[in-house]
Amino acid sequence: MASIEIFEKYIKSRIWSKNYDEGVPPEVDIRPATLYTYLDKQASERGHATAYIYFGNKVAFKTVGDHSDRVAAALKEWGVGKGDVVALYMPNTPAFPIIYYGALKVGAAVTPMNPLYTPREVVYQLKDSGARILFAADVLYKNVEEAMKMYQIDRVVVVEITEYMPPLIKPLAKMRLKPPKIQYGGRVLPYKDLLRYSPTSYRASVNPGEDLAALMYTGGTTGTPKGAQITHGNISSNLQQLKPLYDVVRRRRGLEGELVMMGLLPWYHIYGQVTVMHYGIFDGATVVVMPRPDILQLMKLVQKHGVHVLHGVPTLYNMIVNHPKAKEFKLSSLAFCISGAAPLPVEVAKKFEELTGAVLREGYGLTETAVVTHVNPLYGKAKAGSIGLPIPSTYAAVADPDRPELLPPGQVGEIVISGPQVFKGYHNRPEENAQAFFECCGLRWFRTGDMGYMDEEGYFYIVDRKKDMIKYKGYSVFSREIEEVLYQHPCVKEAAVIGVPHPEAGEIPKAFIVLRDECKGKVTPDDIIKWTEDKLAHYKRPRAVEFRDDLPKSAVGKILKRELKAEELRKIQQAEAKA
C-alpha cells in the first residue's frame, strides 16, 4: 500500500478520533497566541486568585503579572529585546515563571538550564544559545562564579530560593540551605533590585508562528545537546489542544472551580514547563510549587491542598505506590494523572489507580513537539502498554526509518508527527534538521527517533527508542517488552534493560534491577532469568541480570540507560586492555 493510500485511509481520516472521550473533538479551533497575553488576562480578570502556593505562601496572579512587568522593565532598560535570549538556572519557584514571562514581554526567548549542570555545561548552553542575561538561584551561585571565569555574560541576576516563601519560614530555610555569600556589584545584582523598577506596560510585537518563546536543549543522550527552537505558537497550540482533555475530567468529576495542579516536574524541562507552568497560567489554575522531589512531602501537599492534577514520570508513580506511608494519606482529590518521558509499566499504573482512585494514563511527547502528541482516553478505551491516541489537531503516523514513506497499521517503524506543536528546528544545526524532517502527503513530518506501530484503531505503541533497540543474533529485541515482563515479578521494584556488546551474539539483553527490600538476599539473578522463560521468546530473555541499590536517574526521574551502557562499555574496554 502506497504512502498516500495509507495517509488517506488511516491518518487523514484520523481513525483514532472514534475512540476519543465524549466531548473531545478531532480538531480544535487553534488560535496561536503570544504567551504573555494569557498572563495579562489572568492578572487583569482574576488578579486576586491564587497562582502559586509555595511553602504555604499564596502568590496571586496580580503579583505574578506585576513582578513580571518589573522584570520586563529592567530587561528593556538593559537593551534586551527580540532576538535576544535570557537564561534561567534555577529549580521550581514562583520566580521562575515571573522571570520567564518578563522576558517574553520584551520579545526575548528563554533558555532554561538543568540545576544539576556543572559550570562547564552552563557555559556550553550560554555560548550556544547566545544568552545575554543569566538568572540563577543563590544556591547555585558557586557554579555561576566558575562559569563566569570561562564566559563573559552581560549580567547575572541572583534569585534567593527563599523569595516568595512565608516570612516565618525564610530564616529557617536559609539556615538549612546555606546559600553562599554573594558579592554584589558590577555584572552581578540581586533579583530584589529588579522588583524596585516601576512596572512597564510595554509589550513587544510578536509573531506567534515565527518568534521563539524558548530555546530548549535536548539530545544530550546521543552527544552534544542541541537547542530546539520552540515558538509561542507551538506552546499556545499545545495548551489549546490539551484543554478538551481537562474539560472531560472537569465534567466527569464535577470540578466547578479552579484546578489545583502539582508543580513537582521541573520547569526547566519541556514536560513540566508546558503541562504545568504554562498550562496553569493559560487555564487559571493554582499550582502547588515544589522545588525538589520529595515523595512524602508530595503526598502531604496533595492531601492538604486537594490537588486535582499530577503530571509525572513512571519512577514517580512507582515511588508513590511503594512508599511505606502511602496508605496513610487521603489522595482521592487526584483526578487527572499523566505519566510521560518514559514507558509506564502496566503494573505500576494499576497499583496507583487502586491506591488513589485517580485516572492515570500514559501520554507521549518530546521536547521538539512542545510537548504532548498522544494520550490514552481518560474514561474510554485505554489500552495497556499503549501511549494512546494522537491529541486533537495532530497527525501521527509510522514511517520507514530510512525513507520518506508511511507504513500501514501493525508494521513497526519510526513514529512521526505533524501538527502545530512541532518545533521550527534545531538552533544552528542544518544537517540535523535535514535528517529530522521529511515531506509526505502534503505535510511536514518530524521523526521522533522512537520505534513503534499503530494498531487498526489508531492506538500507538512504542517498542523502543531507535538507539535502544538490541540486536541479538540478528533478532530485533525491544528493551521495553522485557522491562514490562520484569515489572510483573513480585520482587522487582525498578528495572532497566540495555544491549551489551557480545562477540558471538552481537548484543545481549542485560537487565539492571532494584529489588524490593523484603526480597533482598532471597532471589538470585538466575531466578529472575528462569522466571522469564515462559514469558518471553528465547531470543528476548535477558542473558545477564545485575542487582543494584538504585538506578541512575535524570532530574526529571527518568532512568538513564545511557549511563548503564557507558559503564558496561568501560568494563569491556578495561577487560580488553588487560587482555
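This text goes with the structure placed above it.
Residues numbered from 1 in each chain as written. Predicted model: local features only at pLDDT ≥ 70, side-chain atom pairs only at ≥ 80, totals over all residues. Heavy atoms only, no water.

(A) Highlighting the packing of aromatic side chains. Tallied over the full model, the rule gives 17 aromatic pairs. Each ring, one from Phe423 and one from Phe446, has its centre 5.4 Å from the other, and the planes form 80°; the classification is edge-to-face. One end of the pair, Phe423, is in the loop between strand S18 (413-418) and strand S19 (425-426); the other, Phe446, is in strand S21 (residues 443-454), and 23 residues separate them in sequence. Phe423 sits in the buried class, given a relative accessible area of 1%. With a relative accessible area of 1%, Phe446 lands in the buried category. The rings of Tyr38, Tyr246, Tyr279, Phe282 and Phe336 are connected pair by pair, giving a single aromatic cluster. One residue, Lys76, lies across the ring of Tyr202, its end atom 4.6 Å from the ring centre. A cation over a ring is seen here: Arg252 above Tyr379, with NZ or CZ 4.2 Å from the ring centre. (Phe/Tyr/Trp six-rings, centres within 6.5 Å; stacked < 30°, edge-to-face > 60°. Helix = DSSP H or I, 4+ residues; strand = E, 2+ residues; numbered from the N terminus. Buried < 20%, exposed > 50% of the residue type's maximum accessible area, 1.4 Å probe, protein only. Lys NZ or Arg CZ within 6 Å of the ring centre and 35° of its normal.)

(B) Highlighting the pairing of strand S2 (residues 57-60). Pairing of strand S1 (residues 50-54) with S2, which is carried by four bridges, proceeds in the antiparallel orientation. In the strand pairing of S2, Ile53 is matched with Lys58. With antiparallel pairing between neighbouring strands as the criterion, S1 and S2 make up a hairpin whose turn holds two residues, including Phe55 at a positive phi of roughly 55°. (Pairing = 2+ DSSP bridges.)

(C) Local environment of the packing of helix H2 (residues 36-45) against helix H3 (residues 61-77). Relative to each other, H2 and H3 sit at 130°, their axes nearing to 8 Å. By the criterion of interaxial angle, the relationship of H2 to H3 is oblique. When you trace H2 past H3, the crossing you get is left-handed. For the pair H2 and H3, contact is made by Leu39, Gln42 and Ala43 and by Phe61, Lys62, Val64, Gly65 and Ser68, respectively. Residues of the contact of H2 with H3, tallied by class, amount to four nonpolar, three polar and one charged. (Axes fitted to C-alpha atoms, helices over the stretch in contact; angles between N-to-C directions. Parallel < 35°, antiparallel > 145°, perpendicular 65-115°, else oblique. Left-handed = near helix turned anticlockwise from the far one by under 90°. Contact = heavy atoms within 4.5 Å. Nonpolar A, V, L, I, M, F, W, Y, C, P; charged D, E, K, R; others polar.)

(D) Local environment of empty space enclosed by the protein. For the structure on display, the rule yields five cavities of 30 Å³ or more. Considering only enclosed or pocket space, the largest cavity measures out at about 80 Å³ in volume. If you trace the largest cavity, you find it lined by Tyr20, Asp21, Val24, Leu245, Val375, Asn376, Pro377, Leu389, Pro390, Ile391 and Pro392. Tallied by class, the residues present in the lining of the largest cavity amount to nine nonpolar, one polar and one charged. Approximately 50 Å³ is the volume attributed to the second largest cavity. (1 Å grid on protein atoms, 1.4 Å probe; cavity = no way out; pocket = protein on both sides within 12 Å on 5 of 7 lines; lining within 4 Å. Points joined across faces, edges and corners; volume = space filled by probe spheres on them.)

(E) Just the layout of surface pockets, in detail. The space that makes up the second largest pocket amounts to roughly 930 Å³. Looking at the second largest pocket, it is lined by 43 residues, and the ones nearest its centre are Met290, Pro291, Arg292, Pro293 and Asp294. If you tally residues by element for the lining of the second largest pocket, the top one is helix H11 (residues 295-305), at five residues. Each residue belonging to the lining of the second largest pocket can be placed in one class, and the counts come to 28 nonpolar, 10 polar and five charged.

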